[in-house]
Amino acid sequence: MDKFSPVKITENDAIVKLTQIYNKEGHSNLTGSINSIDIDGQTASEILKKLRNSGNLIVHNSTQSQREIFYSGGAFPEVLETNFSLDDRRKINEAQTRFQNTVKRAAKQHKEELDKLLGRLNEKLQVELSSIGDGPSSKFPLEVKLTDKRVDVSLKSWGAGTQNRTRILISVLEAIRMRSAVSAEHRTTPVFIVEEPESFLHPSAQAEFGQILNDIAKELDLQIIATTHSPYMLNQNDPSANYLLERKQFRGSPKETTIVPTGGSDWMLPFAENLGIVPKEFASWSKLFGTHAGRVVLVEGEIDKEYFDHIAKKYPGIYSIPSDVEIVPYGGKDSLKNTSILQFMINKFIRVFITFDLDAANEVTRALERIGLSSESDFCGVGVQTPGSDCIEGLVPSSIKKKVFSDHYETVALLGSQDANIRRSAKSKIKSEFLTEFKRGSFDIKELAGFKALMNKIGRAFT
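Residues numbered from 1 in each chain as written. Predicted model: local features only at pLDDT ≥ 70, side-chain atom pairs only at ≥ 80, totals over all residues. Heavy atoms only, no water.

(A) Just the packing of helix H9 (residues 302-314) against helix H14 (residues 420-440), in detail. Closest axis-to-axis distance for the H9/H14 pair is 11 Å, and the angle between their directions is 5°. Relative to H14, H9 is oriented roughly parallel. In contact with Ile303, Glu306, Tyr307, His310, Ile311 and Lys314 of H9, H14 contributes Lys431, Ser432, Phe434, Leu435, Phe438 and Lys439. Looking at side-chain class alone, the contact of H9 with H14 contains six nonpolar, two polar and four charged residues. (Axes fitted to C-alpha atoms, helices over the stretch in contact; angles between N-to-C directions. Helix = DSSP H or I, 4+ residues; strand = E, 2+ residues; numbered from the N terminus. Parallel < 35°, antiparallel > 145°, perpendicular 65-115°, else oblique. Contact = heavy atoms within 4.5 Å. Nonpolar A, V, L, I, M, F, W, Y, C, P; charged D, E, K, R; others polar.)

In structure tokens, the structure reads:
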């Protein structure tokens, strides 16, 4: 790259940016830069030609029925076979056997590397690569079989989702091997382009596989560019890596494509709206989009989080939740009813424990169990089974309840109002006063027995 750069490159890596702009007449103008220093059009054109001729692009189209590893043969082998003598056939069979054995030995490392990639999937799959005997001629004479230690089935007999993910990972391995096989003086880092990796996958599997591709790109230092129509495939760890492209329309005809801004804490919302997902469904989960912890406790709201944070700071003796576990609010019980988005969020983390007010147990428990979560080990209600105490405020010392109810009796009276907005405002006020008094006071272990039991339960889930 030194011969193209206006100044000497001292770093190991150089950032090359090429931009081609088309006008209405169909003409284009190519510009570029190296490490933010502009280069002329001729130099940009030479770099573009070099990239195009380097063969460093691996493209995988998930919308195709199969990856082009095998090539169908016709009648040609059969016609030739009729003209072979018995001695010819014997020699050919011996050569074919030697060739297949060579292929098997060469495939051993390929199989081990594929096994490592497939091990990232939830299904504990292993790959078997077997040399093809009689049948179609092949550029890559290996048949792919997957096993979950109970069955050994050809790849084409698995579900479309498993087939697609496996073929994508095979393409990833091809990109990795290309990089290691090229001689040092001509080495270029391959770019892997995958078209719609979410094909044939349900939302939770899309989220899981998207995270796998992100992890592979980071771990193996491989640039992966994916085009997708799924919000569940977006990069959660680095939102700036996501680009939203919008095709402009004029009188029903497609015009130029533009990049839609997607910055800030609500970066997901433009994607959700353009991809056909109601934005408000994601709004309550906005706190989780910026969370990078591997293990989290999901709590109903900010007040619940403040209780947890205050106890961890002031009463560490009863806070038995590991220090690497982050407490994150999810915005209320209704968020737990959207199981597709909930499953997506759960797959974002290594381990999740969910809490909710006990008065919502009947509404959310079945939804959580439908996605495979278990009561007490994966989620629990918070509070005690008495009216007005079936929430986190039910765990505070009785002295706080007496003081708040006494000092704010007029607000307490509004809890019985016929107007839902008045009731909601009064409840919010009382909850805030409970938290204020809890932070202000000092309590012994006996008075905090309810909180201690809750912390112990959650702590056990992360051990």
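(B) Representation of the packing of H9 against helix H15 (residues 449-461) within the structure. Interhelical geometry of H9 versus H15 gives an angle of 95° and a closest axis separation of 12 Å. In terms of their interaxial angle, H9 and H15 are classed as roughly perpendicular. Contacts between H9 and H15 involve Tyr307, Phe308 and Ile311 from the first element and Phe451, Leu454, Met455 and Ile458 from the second. When its residues are assigned to classes, the contact of H9 with H15 shows seven nonpolar, no polar and no charged.

(C) Spotlight on the confidence of the model for the protein chain. When pLDDT is averaged along the protein chain, the result is 80, and 79% of the positions lie at 70 or above. Low pLDDT, under 50, characterises residues 67-80; the stretch is placed with 20 contacts to residues that sit more than four places away or in other chains. Note on residues 133-140: pLDDT under 50 across the span, and 14 contacts to partners over four residues away in sequence or across chains. (pLDDT = per-residue confidence, 0-100.)

(D) Seen up close, the side chain of Ser199. By the element assignment, Ser199 lies in the loop between strand E8 (191-195) and helix H5 (203-219). Residues within four places of Ser199 in sequence aside, it is in contact with Ser62, Thr63 and Asn164.

(E) Broad picture of the pattern of salt bridges. With the rule as written, the count across this model stands at 16 salt bridges. Between Lys457 and Glu376 there is a salt bridge whose closest N-O contact spans 2.9 Å. Here Lys457 is found in helix H15, whereas its partner Glu376 is found in the loop between helix H11 (361-370) and strand E15 (379-382), with 81 residues between them in sequence. By relative accessible area, Lys457 is classed as partly exposed at 23%. Across the salt bridge formed by Glu437 and Arg440, the nearest N and O atoms sit 2.8 Å from each other. In this pair, Glu437 and Arg440 are both assigned in helix H14, three residues apart and thus about one turn of the helix distant. The exposed category is assigned to Arg440, whose relative accessible area is 58%. (Salt bridge = Lys/Arg side-chain N within 4 Å of Asp/Glu carboxyl O. Buried < 20%, exposed > 50% of the residue type's maximum accessible area, 1.4 Å probe, protein only.)

(F) Up close: the packing of aromatic side chains. Per the counting criterion, the structure on display carries seven aromatic pairs. Residues Phe405 and Phe434 carry aromatic rings whose centres are separated by 5.7 Å and whose planes lie at 80° to one another, so their mutual orientation is edge-to-face. Here the residue Phe405 occupies a position in helix H12 (residues 398-407), and Phe434 occupies one in helix H14, the gap between them amounting to 29 residues. Note on Phe438 and Phe451: the rings are 5.3 Å apart at their centroids and 40° apart in plane angle, and the pair reads as tilted. With Phe438 in helix H14 and Phe451 in helix H15, this pair connects stretches of sequence that are 13 residues apart. On the accessibility criterion, Phe438 (0% relative accessible area) is buried. An aromatic cluster of at least three residues, connected via ring pairs, comprises Tyr307, Tyr315, Phe438, Phe443 and Phe451. Of note, Arg351 hangs over the ring of Phe462, and the distance from its end group to the ring centre comes to 5.8 Å. (Phe/Tyr/Trp six-rings, centres within 6.5 Å; stacked < 30°, edge-to-face > 60°. Lys NZ or Arg CZ within 6 Å of the ring centre and 35° of its normal.)

(G) Representation of unusual backbone geometry within the structure. Even without a glycine there, the phi angle at Asp221 is positive, about 55°. Its location among the elements puts Asp221 in the loop between H5 and strand E9 (223-227). At Glu376, a residue that is not glycine, the phi angle is positive and equals roughly 80°. The partly exposed category is assigned to Glu376, whose relative accessible area is 40%.

(H) Structural detail: the sheet that holds E9. In spatial order, the strands read E4-E8-E9; together these three strands make up an open sheet with parallel pairing. The sheet terminates laterally at strand E4 (57-61) and E9, the two strands that pair on one side only. This sheet shows a mean twist of 15° between the axes of neighbouring strands, independent of strand direction. (Pairing = 2+ DSSP bridges.)

(I) Representation of H9 within the structure. Across its 13 residues, H9 extends 18 Å between first and last C-alpha, which sits within 8% of the 18 Å expected from 1.5 Å per residue. Within the span of H9, buried status applies to Asp304, Tyr307, Phe308, His310 and Ile311. Along the long axis of H9, the arc covered by the buried residues comes to 165°, so they all point the same way. Contacts made by the buried residues of H9 are with strand E12 (295-299), strand E13 (325-329), strand E14 (351-357), H14 and H15. (Expected span 1.5 Å × (residues − 1). Arc of directions from axis to C-beta.)

(J) Quick look at the nonpolar core. Counting 31 residues, the largest nonpolar core has Tyr307, Phe308, Ile311, Ile321, Phe438, Phe451 and Ile458 as its most contacted members. Counting residues per element, the ones that place at least two in this core are E12, H9, E13, E15, H12, H14 and H15. Filtering out sequence-adjacent residues up to four positions away, Ile321 remains in contact with Phe308, Ile327, Met455, Ile458 and Gly459. (Core = buried A, V, L, I, M, F, W, Y, C linked by side-chain atoms within 4.5 Å.)

(K) Just the sheet that holds strand E2 (residues 28-34), in detail. Strand order across the open sheet formed by three strands is E1-E2-E3, with antiparallel pairing between neighbours. In the strand order of this sheet, the two ends are held by strand E1 (16-22) and strand E3 (37-39), each with one partner. Mean inter-strand twist for the sheet, computed between neighbouring axes without regard to direction, equals 25°. As paired strands, E1 and E2 are joined by seven bridges and run antiparallel to one another.

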